[in-house]
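# Structural overview for review
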Amino acid sequence: MRIGILGTGMMASALGRGWAVAGHEVAIAGRSSAKAQELAGRLGHGTRAVTPRQAVSDRDAVLLAVSWQGVEDMLRSAGAGDGAMRGTALIDPTNAVEHGVGVVLTGPGEAMADRIARLSPGANVVKAFNMFPADQWAEQSDVTVAMCGDDAGALRVVGELVRDVGGEPFVLGALDRARQLEEVAGFIIGVAFAGADPNAAVPRVPAAAG
């Protein structure tokens, strides 16, 4: 697949490496062209540094790998408001939460995924990869990745990309469930920063029979 990544941080690096190794065509863009060039060089496997608009043009999927505070500026740079990602699977791994506390900072009932969808008319937003830190994907561990989205084709695309980095996709529901995933991420962050073990705070419940 042709994958665009908006951002040059740890999430962009970890997932970009996994997808490049899996044989996908990866293009990196960020606020700093120098950082994009440096990351593309580190990832190798034909990864290219491009402009934000080039990173979203004619892509099967785009990863929005920036902090939640930088979402609006990055989407504007990519031309998202002009429909540049119409029909494209737009992966949202962001968590708009208070650092070290985990309280969700979007409006009542609003998810960052909702905001991203409004800023990117026509894009098929999929909430995914928000539950685990970036270094999880550098290790390619076997984990379940909960996803939300309204478009079945986009969910299939993102599901394949989840498997390429060692995860197993699970569709929680439509995009209106994204707030739930963001609240869970905030809970995990809050527990961890308080010095407790999030793994011990969640009951071990066997999967229901299919």
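Cut-off values and rules
- Residues numbered from 1 in each chain as written.
- Predicted model: local features only at pLDDT ≥ 70, side-chain atom pairs only at ≥ 80, totals over all residues.
- Heavy atoms only, no water.
- Phe/Tyr/Trp six-rings, centres within 6.5 Å; stacked < 30°, edge-to-face > 60°.
- Helix = DSSP H or I, 4+ residues; strand = E, 2+ residues; numbered from the N terminus.
- Buried < 20%, exposed > 50% of the residue type's maximum accessible area, 1.4 Å probe, protein only.
- Axes fitted to C-alpha atoms, helices over the stretch in contact; angles between N-to-C directions.
- Left-handed = near helix turned anticlockwise from the far one by under 90°.
- Contact = heavy atoms within 4.5 Å.
- Nonpolar A, V, L, I, M, F, W, Y, C, P; charged D, E, K, R; others polar.
- Salt bridge = Lys/Arg side-chain N within 4 Å of Asp/Glu carboxyl O.
- UniProt positions renumbered as here; feature names shortened; annotations may be inferred.
- Pairing = 2+ DSSP bridges.
- Right-handed = clockwise from strand over helix to strand, strands pointing away.

The name an unreviewed UniProt entry gives the protein is Pyrroline-5-carboxylate reductase catalytic N-terminal domain-containing protein, with Nonomuraea soli as the organism.

### Concerning the packing of aromatic side chains
In total, this model carries one aromatic pair according to the counting rule given. Ring geometry for Trp-19 and Phe-129: centres 6.1 Å apart, planes at 70°, overall edge-to-face. With Trp-19 in helix 1 (residues 10-21) and Phe-129 in the loop between strand 6 (124-127) and helix 6 (134-139), this pair connects stretches of sequence that are 110 residues apart. Taking relative accessible area as the criterion, Trp-19 reaches 0% and is therefore assigned buried.

### Brief notes about the packing of helix 1 against helix 2 (residues 33-43)
Relative to each other, helix 1 and helix 2 sit at 35°, their axes nearing to 10 Å. For the pair helix 1 and helix 2, the sense of crossing is right-handed. Where helix 1 abuts helix 2, its residues Ala-12, Ser-13, Gly-16 and Arg-17 lie against Leu-39, Arg-42 and Leu-43. Of the residues that constitute the contact of helix 1 with helix 2, the class distribution is three nonpolar, two polar and two charged.

### Digging into the pattern of salt bridges
Evaluation of the coordinates by the stated rule reveals 14 salt bridges. For Arg-76, the salt bridge identified is with Glu-72, shortest N-O distance 3.4 Å. Of this pair, Arg-76 and Glu-72 both sit in helix 4 (residues 71-78), separated by four residues, roughly a single helical turn. In this structure, Lys-127 and Glu-182 form a salt bridge, with 2.7 Å as the shortest nitrogen-oxygen distance. In this pair, Lys-127 sits in strand 6 while Glu-182 sits in helix 8 (residues 178-193), placing the two residues 55 residues apart along the sequence. Take Glu-182: its relative accessible area is 1%, and that puts it in the buried class.

### A few points about the UniProt feature "domain: Pyrroline-5-carboxylate reductase catalytic N-terminal" (unreviewed entry) in the protein
Here, UniProt's "domain: Pyrroline-5-carboxylate reductase catalytic N-terminal" (unreviewed entry) annotation points to residues 2-95. Annotated as 38% helix and 21% strand, the span residues 2-95 places its first and last C-alpha atoms 25 Å apart.

### Focus: the pairing of strand 6
Both faces of strand 6 are covered, namely the face carrying Asn-124 and Val-126 and the face carrying Val-125 and Lys-127. Examined bridge by bridge, strand 5 (residues 89-92) and strand 6 share four bridges and lie parallel to one another. Along strand 6, the bridge assignment pairs Ala-89 with Asn-124. Crossover connection from strand 5 via helix 5 (residues 112-119) to parallel strand 6: handedness right-handed. Here two bridges tie strand 6 to strand 7 (residues 143-149), and the two strands are oriented antiparallel to one another. Directly across from Lys-127, in strand 7, lies its bridge partner Cys-148.

### Looking at the sheet that holds strand 3 (residues 48-49)
Read across the sheet, eight strands follow the order 3-2-1-4-5-6-7-8 without closing on themselves; strand pairing throughout is mixed. Bordering the open sheet on either side are strand 3 and strand 8 (167-173), each of which pairs with just one other strand.

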